[in-house]
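Spelled out, the chains give:
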Amino acid sequence: RLWGNWEMLATVWSTEHPMSQRATQEMANYQLVSGQPEQAIKTYLAGHQRGINTPDLILSALYVSCIANLPKNSNWLEQSLEKIKTAPYNHGSFSMLQNLRGLTTSESCPEIFDRSDWFMISEAYLANPKFRKHAEDFIRLERARAFLDNEQADLAIAELEAAYKINPSIELSQKIATLM
């Protein structure tokens, strides 16, 4: 019965594993899909308060506040930037980076989160050696996409060239050639 009931599964998992980022995210995701965005934000922030060492939870609260048109806490961005400085590498952070870039592209909620906020976050990830070591090329590709979204081809090319130095590929050289 547990596996067939998403609410029960998320509740049991997050209760039995309160320090699990995935369990916390699953519970918040269930709440969001169930029409409870305020509760989802509380779940993300409670996980952060319990000490789950990832910037993703605060960034997720920021994301939900934007898509649900809810007020944000003015220091969520600052808290996430501070957390990114020392966060261990986490592949899941890149989904959130992409989701947040989507918000800036669509200009869904500039009063909550805008392009300059997104670039601060991407720069913070690049400044963290744990993220830079494993995913600098990915972050630079996302930055190139963001510059292209903003019609700044010269800056996009610079990011693509930096990504190419890290991970030379035919796909990247084709993108660079297309933009030149």
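These figures come from a predicted structure and were not determined experimentally.

**Student:** Sorry, what's going on with the overall build of the chain here?
**Tutor:** What the chain contains, in helices and strands, is ten helices and zero strands. When its helices and strands are written in sequence order, the chain yields α-α-α-α-α-α-α-α-α-α. The buried share among the 180 residues of the chain stands at 44%. Taking as baseline every contact in the chain between residues at least 6 positions apart, the subset at least 24 positions apart corresponds to 54%. Placing the 17 positive and 21 negative side-chain charges of the chain at their respective mean positions leaves the two points 7 Å apart.

**Student:** Looking at this model, I keep getting lost on the state of the cysteines. Mind explaining?
**Tutor:** Two cysteines, two sulfur atoms, one covalent bond between them: this is a disulfide. Summed over the entire model, instances satisfying the criterion amount to one disulfide. With its sulfur 1.4 Å from that of its partner, C66 forms a disulfide with C109. Sign of the S-S torsion, about -100° for the bond between C66 and C109, identifies this disulfide as left-handed. With C66 in helix α4 (residues 56-67) and C109 in the loop between α6 (93-106) and α7 (115-127), this residue pair connects regions lying 43 residues apart in the sequence. Assessed through its relative accessible area of 1%, C109 is described here as buried.

**Student:** I tried to follow the packing of helix α8 (residues 129-149) against helix α9 (residues 153-166) on my own but got confused; where do I start?
**Tutor:** In a pair of packed helices, the angle between the axes and the distance between the axes together describe the arrangement. Two numbers describe how α8 lies on α9: the axes approach to 8 Å, and their chain directions differ by 165°. As the angle between them shows, α8 and α9 are arranged roughly antiparallel. Crossing hand, α8 versus α9: left-handed. Side by side, α8 and α9 meet where E136, D137, R140, L141, R143, A144, F147 and L148 of the first sit next to A153, L155, A156, E159, L160, A162, A163 and I166 of the second. Residue composition of the contact of α8 with α9, by class: eleven nonpolar, no polar and five charged.

**Student:** Which parts of the structure should I look at to understand helix α5 (residues 76-86)?
**Tutor:** Buried within α5 are the following residues: W76, L77, S80, L81, K83 and I84. One side of α5 holds all its buried residues, which, seen down the axis, span an arc of 165°. Looking at the buried residues of α5, the elements they touch are α3 (37-50), α4 and α7.

**Student:** Looking at this structure, I do not really get the nonpolar core. What am I missing?
**Tutor:** Looking at soluble globular proteins, one finds that nonpolar side chains tend to be buried together. One finds L100, F113, I121 and Y125 to be the most contacted residues of the largest nonpolar core, which totals 46 residues. Looking at this core, the elements that each hand over two or more residues are α3, α4, α5, α6, α7, α8, α9 and α10 (170-179). The contacts of Y125, once residues within four sequence positions are left out, are P55, D56, L59, I84, S93, L97, F131, R132 and I139.

**Student:** Help me understand the side chain of Q21 in this model?
**Tutor:** The topology assignment puts Q21 in helix α2 (residues 21-33). There is a polar contact of 3.1 Å between the side chain of Q21 and the side chain of D56. Among the polar contacts listed, one links the side chain of Q21 to the side chain of N90, at a separation of 3.0 Å. What Q21 contacts, discounting residues up to four positions off in sequence, is I52, T54, D56 and N90.

**Student:** Hey, could you run me through the side chain of S80 in this one?
**Tutor:** Position of S80 among the secondary structure elements: in helix α5. Assessed through its relative accessible area of 0%, S80 is described here as buried. Among all residues touching S80, those that are not within four sequence positions of it are P55, I58 and L59.

**Student:** Help me understand the packing of α6 against α8 in this model?
**Tutor:** Put simply, α6 and α8 touch, their axes get as near as 11 Å, and they point 10° apart. When the axis of α6 is compared with that of α8, the two are roughly parallel. For the element pair α6 and α8, the recorded crossing hand is right-handed. Here α6 contributes S93, F94, L97, Q98, R101 and T105 to the contact with α8, which in turn contributes F131, A135, F138, I139, E142, R145, A146 and D149. For the contact of α6 with α8, the class distribution of residues is seven nonpolar, three polar and four charged.

Parameters and conventions
- For every chain, the first residue of the written sequence is number 1, and numbering continues from 1 along that sequence.
- Confidence filtering applies because this is a predicted model: local features only for residues at pLDDT of at least 70, side-chain atom pairs given and counted only at 80 or more, and all residues used for totals across whole chains, interfaces and linings.
- Neither water nor hydrogens contribute to the side-chain values; these are computed over all heavy atoms in the structure.
- Every helix listed is a DSSP run of H or I at least four residues long, and every strand listed is a run of E at least two residues long, numbered separately from the N terminus.
- Note on exposure labels: buried denotes an accessible area under 20% of the residue type's maximum, exposed denotes more than 50%, and partly exposed covers the range between, all computed with a 1.4 Å probe on protein chains only.
- In this description, contact between two residues means that some pair of their heavy atoms is separated by no more than 4.5 Å.
- His is not counted, nor are the chain ends, whereas Lys and Arg count as positive and Asp and Glu as negative.
- A charged residue contributes its charge at one atom only: NZ of Lys, CZ of Arg, CG of Asp or CD of Glu.
- To count as a disulfide, a pair of cysteine sulfur atoms needs to be within 2.5 Å.
- Under this scheme, a helix contributes an axis fitted over its contacting stretch, all axes are lines through C-alpha atoms, and angles between N-to-C directions fall in the 0 to 180 degree range.
- Roughly parallel covers angles under 35 degrees, roughly antiparallel covers those over 145, roughly perpendicular covers 65 to 115, and oblique covers all other angles.
- Two helices cross in a left-handed way if the nearer one is turned anticlockwise from the farther one by less than a right angle. They cross in a right-handed way if the turn is clockwise.
- Think of it as three bins: nonpolar holds Ala, Val, Leu, Ile, Met, Phe, Trp, Tyr, Cys and Pro, charged holds Asp, Glu, Lys and Arg, and polar takes everything else, Gly as well.
- When we speak of the arc, we mean the arc of directions from the helix axis to the C-beta atoms.
- The nonpolar core is taken to be a set of buried Ala, Val, Leu, Ile, Met, Phe, Trp, Tyr and Cys residues, with the residues joined through side-chain atoms within 4.5 Å.
- Polar contact is defined as a pair of N or O atoms within 3.5 Å, subject to the rule that within protein one atom must be able to donate a hydrogen and the other to accept it, and that residues adjacent in sequence are counted only when both atoms are side-chain atoms.

What is shown is where atoms sit, not what they do.
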